[in-house]
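Per-entry structural report
These are the residues of each chain, in order.
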Amino acid sequence: MFNFLRAFALVVLFTAPAFAQNADRPAVPLTGFNPDKAEVHANEVLVPGLIGTKAVEGHIVIPDIRSATLIQPDGRIWRDYRRGPLLWIAAAAVLGMGGLLLAFYVLRGKIMIEGGRGAAVIKRFGSFERFMHWLTAFSWCILALSGLNIAVGRVTLLPLLGNETFTALSVWLKYSHNFVAFPFMAGVLLMLVVWVRHNIPNRIDVTWFKMAGGLVGHQHPDSGKFNGGQKMVFWVVVLGGLGLSITGLGLLFPFTVTGILGMQLVQVIHGGIALGMIAAMLGHIYIGSVGMEGAIDAMKDGVVDLGWAKTHHNLWVAEELAKSPHAAE
Ligand code: HEM
């Protein structure tokens, strides 16, 4: 995390826009070469651009000095990344992870409650916990879908929908991406405050991971309110959410903290974190829904089957029963 923040600070430092200094600068830095020459090499006309990176600048008379930028050669690297590697990374995150989960489902099947559902249930999450979970989950889903459209919509949806429909859809998705970012950030913050005390890693988690959480084989490792895998999900959401928020705000208010090169770098980082998180959350959504019988009850009604809870969160059940013998009924 520290490294990420340091890298982000470096990006900001080295790519900060030079608008303040450039405000009074003549917008025509075209000196030192002959524009009538039959051939002008791009390097001859590159100047420290008004957008915070080297660029080919033209002459403008309107106040928005950024419009004077004609060509930003570094931008080609960014564009090539978006047209090539990004598409493969997105495919790996969505289709790769989807394929793995499907294979897991086929090989292992749904994880059933051992001995079937019983009559007794135990309260797992209060209504506020469920509210913050679904606030984060719904807003994250909208952000993931609209973000994927920004990343790969041109090669996936455009050929299917045609220009007009794709444009209309993309405009809506872009607006939702901008605005839904705020409930998502609020949800992540709430989760951090409410759940952090249950998510501090400890020795029990090491054993949990060594036993692969009981998924492989039929033995169940000890677990408190959240097991090792869930703690990992929690930190992916909190740290990934923080990374997405910082980089996302940088993009939402363009040219505020960094110039164009910085924004291109920030966008690559934003997309990278998002795709990593999409892969991780697909796993979470799978195990929280079709992958495991009884799991979804926790986020639906707030109560879970006592047998399920004893199997997957034995130490937590013991704690709850110690607090109140009526915790399960
Ligand atoms: C949309 C489909 C989703 C479903 C069906 C789902 C389901 C669940 C369930 C059943 C639990 C409680 C597990 C338990 O009782 O132990 C849970 C917990 C949690 N969910 Fe979700 N969830 C979804 C999406 C998300 C998203 C998008 C996020 C964050 C971006 C998220 C973050 C969390 C976190 C941090 C926890 C606590 C840790 C954990 O149980 O892994 N969920 N979810």
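None of the values given here were measured: they were computed from a predicted structure. (Residues numbered from 1 in each chain as written. Predicted model: local features only at pLDDT ≥ 70, side-chain atom pairs only at ≥ 80, totals over all residues. Heavy atoms only, no water.)

Here we look at the pattern of salt bridges
So the rule is basically this: A pairing counts as a salt bridge when a side-chain nitrogen of Lys or Arg comes within 4 Å of a carboxyl oxygen of Asp or Glu. Helix and strand definitions follow DSSP, with helices as H or I runs of at least four residues and strands as E runs of at least two, each counted in order from the N terminus. Buried residues are those whose accessible area, probed at 1.4 Å on protein chains only, stays under 20% of the maximum for their type, while exposed residues exceed 50% and partly exposed ones sit between those limits.
Tallying each qualifying case throughout the model produces six salt bridges. For arginine 117, the salt bridge is made with glutamate 293, and the minimal N-O distance between the two is 3.9 Å. Separated by 176 residues along the polypeptide, arginine 117 in the loop between helix H4 (85-108) and strand E4 (121-123) and glutamate 293 in the loop between helix H10 (260-288) and helix H11 (295-300) bring together distant segments of the chain. For arginine 117, a relative accessible area of 46% translates into the label partly exposed. A relative accessible area of 17% means that glutamate 293 is categorised as buried. Residue glutamate 129 pairs with lysine 225 through a salt bridge whose shortest N-O separation is 3.6 Å. Of this pair, glutamate 129 sits in helix H5 (residues 127-156) while lysine 225 is found in the loop between helix H8 (203-210) and helix H9 (228-252), placing the two residues 96 residues apart along the sequence. We classify glutamate 129 as buried; its relative accessible area is 14%. When its relative accessible area of 11% is taken as the criterion, lysine 225 is described as buried. One network of salt bridges, with partners in common, ties together Arg117, Glu293 and Asp297.

Thoughts on a positive patch on the surface
Worth spelling out the cut-off: Exposure above 30% relative accessible area and no salt bridge define the residues that can form patches, which grow by joining like charges within 9 Å and nonpolar side chains of Val, Leu, Ile, Met, Phe, Trp and Tyr within 5 Å. Only the protein chains shown count as cover for residues, and the accessible areas themselves come from Shrake-Rupley with a 1.4 Å probe. Two residue types count as positive, namely Lys and Arg, and two as negative, namely Asp and Glu; His and chain ends fall outside the count. Think of each charge as sitting on NZ of Lys, CZ of Arg, CG of Asp or CD of Glu.
Taken together, the side chains of Arg76, Arg79, Arg83 and Arg154 present a region of like positive charge at the surface. Of note, arginine 154 is situated in helix H5. We classify arginine 154 as exposed; its relative accessible area is 64%.

Describing the pairing of strand E2 (residues 54-57)
The following threshold applies: Between any two strands, at least two bridges found by DSSP are needed for them to pair.
Where strand E1 (residues 46-48) and E2 come together, three bridges link them in antiparallel fashion. Bridging from a neighbouring strand, proline 48 pairs with lysine 54 of E2. Judged from the two bridges that link them, E2 and strand E3 (residues 69-71) form a sheet pairing that is antiparallel. Among the inter-strand pairings, glutamate 57 is bridged to a residue of E3, identified as threonine 69.

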